[in-house]
Amino acid sequence: MFSCVGYAATAADARLGPVKLDRRDPGPDDVQIDILYCGVCHSDLHQARNEWQNTIFPCVPGHEIVGRVAKVGASVTRFHAGDLVGVGCMVDSCRECPSCREGFEQYCEVGFVPTYNGEERQGGGITFGGYSRAVVVDQAFVLKVPEKLDPAAVAPLLCAGITTYSPLRHWKVGPGQRVGIVGLGGLGHMGVKFARAFGAEVVLFTTSASKVADGLRLGAHEVVLSKDAGAMAKERGRFDFILDAVAANHDINAYLDLLKRDGTLVQVGAPETPLPVSVFSLLMKRRNFSGSLIGGIPETQEMLDFCGEHDITADIEMIRMDQIEDAYARMLRSDVKYRFVIDMATMPESV
C-alpha cells in the first residue's frame, strides 16, 4: 500500500475535506496514475450528500480523471510511465458476461465496479475516486488521451462526453437527420458538439433565452425556447432523433411529440422522480423512448480518438480543490458553463 491525499465527505451533512488515503501498490496488470485534473459531475454531489441512499462513507468522489502514468505492473504493455491517460466511471467489471465480452462493460450483468463508492474486486475494500492525488487502476479500464488536447478540458469527456457520444453513435446519428438536444448543461453542450460533428442538423431546446447565443456558438443550427408553445408546435413531427439531457422533472411528452414516425428519444439526464409518459405519444407514430448509460471501454476510447481527430473538448471552468463546496452550490443553480474541473495541483500535499 501507499498513501496519498484525497478530498472526502465523511457524512451526508459534512463539508468535503482532506483525508489520508491508502491505495494498493500496482499489481501485475495495474497502472498507477498521478492525477492532474478531475471533472465534477452532478453524481458526485448526489453521492457526497447520500441522496441516492447508497453512499459508503468516507466517500471520495470523482470519475472524470486525467493524469500521467507514474508506474505500471509487470504485465502492462499498453501504457508506460509519462503517458497521458484517463479513467472514467468504471474501474472493473466481471469481464465474463455477454455484455462485458462484447465491450459493453457498463451493462455488466454482475454489475460494474464504479470508480468510487464501489467494492474492489481485488481484495475488497471501497473504491475512492479522482478527488485525490493518485489512483491505481487495472490496465483494462485505463484509456489513452490524445496529447494534442487540453488535458483539463478532456476530463469531462470521461463521463459527460461518453454519455452523449454513445447514444448518438448507437442510433447512427449522421448527415440527413434532424436531431434535437434537450438542455444545455454539462451533458447537453457535449451532445450539441458531437451531433454537429457527426453531420446532423442540430436543434437545441432550452428554457433559457440567455443560452441561445451559446447554443449557436457550440454548434447548434437552431435554438428553440421550449417555454414558447408556438415555437414547440412548429417542431412537431420533424425529428429523427432527440437526446434529452435534462436531469430535472419536465414534460417528456412535449418532446416525444416532436419525433417523426419511428423516431427515437433517448434519455440520458436522470430526474429524481419518474417521468410520466403518455402511451399515445408512442403509439401514434410508432415512436421509441429509450435510455443510455455512459459507454463501454472500447467505445470510450473511440470517443477520445474522435475528439483528438476533431479537436473536441468540454467547455470548462477550473477550480481549486478547496472550492468544491462552492462549485456544488453553483452547480445546483446551473451556474457553470459547462463543467467544473479540479486542478489537482491545488490538493494539499499532506493531512
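Residues numbered from 1 in each chain as written. Predicted model: local features only at pLDDT ≥ 70, side-chain atom pairs only at ≥ 80, totals over all residues. Heavy atoms only, no water.

Chemist: Which residues make up the packing of helix α4 (residues 160-170) against helix α10 (residues 297-310), and what values go with them?
Modeler: Running from N to C, α4 and α10 point in directions that differ by 100°, and their axes come no closer than 10 Å. Here α10 runs roughly perpendicular to α4, going by the angle between their axes. Residues G161, I162, Y165, S166 and R169 of α4 form the contact with α10, whose own contacting residues are E299, T300, E302, M303 and F306. Here the contact of α4 with α10 is composed, by residue class, of 4 nonpolar, 3 polar and 3 charged. (Axes fitted to C-alpha atoms, helices over the stretch in contact; angles between N-to-C directions. Helix = DSSP H or I, 4+ residues; strand = E, 2+ residues; numbered from the N terminus. Parallel < 35°, antiparallel > 145°, perpendicular 65-115°, else oblique. Contact = heavy atoms within 4.5 Å. Nonpolar A, V, L, I, M, F, W, Y, C, P; charged D, E, K, R; others polar.)

Chemist: Summarise the pattern of salt bridges; cite the residues concerned and give the values.
Modeler: Taken as a whole and judged by the stated rule, the model has 25 salt bridges. A salt bridge links D138 to R95; the nearest nitrogen and oxygen atoms lie 3.2 Å apart. With D138 in strand β8 (residues 134-138) and R95 in the loop between β6 (90-92) and α2 (98-101), the pair connects residues that are 43 residues apart, well separated along the chain. According to the relative accessible area criterion, D138 is buried, its value standing at 7%. For R95, a relative accessible area of 36% puts it in the partly exposed group. Residues joined by salt bridges that share partners form a network here, namely R178, E201, E222, E235 and R238. (Salt bridge = Lys/Arg side-chain N within 4 Å of Asp/Glu carboxyl O. Buried < 20%, exposed > 50% of the residue type's maximum accessible area, 1.4 Å probe, protein only.)

Chemist: Can you lay out the domain arrangement of the chain for me, pointing to particular residues and giving the numbers?
Modeler: What the domain assignment lists for the chain is domain 1 (2-159 + 295-346) and domain 2 (160-291). Its C-alpha centre places domain 1 at a distance of 27 Å from the equivalent point of domain 2. Contact residues are listed per partner, giving 21 residues for domain 1 and 20 residues for domain 2. Taken together, both faces of the contact between domain 1 and domain 2 bury some 1700 Å²; the carbon and sulfur share is 56%. K193 serves as the salt-bridge partner of D315, at 2.7 Å between the closest nitrogen and oxygen. Counting across the interface, domain 1 meets domain 2 through 15 residue pairs in polar contact (both at pLDDT 80 or more). Of the residues forming the side of domain 1 that touches domain 2, the biggest block, 6 residues, is contributed by α10. (Domains from an automatic or database assignment. Buried area = accessible area lost by both parts, 1.4 Å probe. Polar contact = N/O pair within 3.5 Å; in protein donor to acceptor, adjacent residues only side chain to side chain.)

Chemist: Can you lay out the nonpolar core for me, pointing to particular residues and giving the numbers?
Modeler: Ranked by size, the top nonpolar core spans 94 residues in total, and within it V40, Y131, F194, I324 and Y328 carry the most contacts. Counting only domains with at least three residues in this core, you end up with domain 1 (2-159 + 295-346) and domain 2 (160-291). If we ignore the near neighbours within four places in the chain, the residues touching F194 are G161, T164, Y165, L168, M303, F306, C307 and I312. (Core = buried A, V, L, I, M, F, W, Y, C linked by side-chain atoms within 4.5 Å.)

Chemist: Lay out a nonpolar patch on the surface with the relevant residues and their values.
Modeler: There is a patch of nonpolar side chains on the surface, built from V279, F280, L283 and M284 and spanning about 460 Å² of accessible area. Its location among the elements puts M284 in the loop between α9 (279-283) and β15 (288-291). Accessibility expressed as a relative area gives 62% for M284, which makes it exposed. (Patch = residues over 30% accessible without salt bridge, like charges linked within 9 Å, V, L, I, M, F, W, Y side chains within 5 Å. Areas by Shrake-Rupley, 256 points an atom, 1.4 Å probe, with all protein chains shown as cover.)

Chemist: Can you tell me about the packing of α4 against helix α5 (residues 186-197), naming the residues and giving the values?
Modeler: Relative to each other, α4 and α5 sit at 45°, their axes nearing to 8 Å. Our classification of the angle between α4 and α5 gives oblique. By crossing handedness, the relation of α4 to α5 is classed as right-handed. Contacts between α4 and α5 pair A160, G161, T163, T164, Y165 and L168 from the former with G186, L187, M190, G191, F194 and A195 from the latter. For the contact of α4 with α5, the residue count by class is 7 nonpolar, 5 polar and no charged. (Left-handed = near helix turned anticlockwise from the far one by under 90°.)

Chemist: How would you explain the side chain of T206 if you had to name every residue and give the values?
Modeler: Structurally, T206 can be placed in strand β11 (residues 201-206). Here S208 takes part through its backbone nitrogen, which lies 3.1 Å from a polar atom of the side chain of T206. Setting aside chain neighbours within four positions, we find T206 in contact with K211, V223, V224, L225 and S226.

Chemist: Which residues make up the packing of aromatic side chains, and what values do they have?
Modeler: All chains considered together, the criterion is met by 9 aromatic pairs. Plain terms: the ring middles of Y165 and F194 are 5.2 Å apart, the flat faces sit at 80° to each other, and that makes the pair edge-to-face. Of this pair, Y165 sits in helix α4 while F194 sits in helix α5; the two residues are 29 residues apart in sequence, bridging distant segments of the chain. In this pair, the class of Y165 matches that of F194, namely buried. Ring geometry for W171 versus F241: centroids 6.1 Å apart, planes at 45°, classification tilted. You can see W171 sitting in the loop between α4 and β10 (178-182) and its partner F241 sitting in strand β13 (residues 239-244), a full 70 residues away along the chain. (Phe/Tyr/Trp six-rings, centres within 6.5 Å; stacked < 30°, edge-to-face > 60°.)

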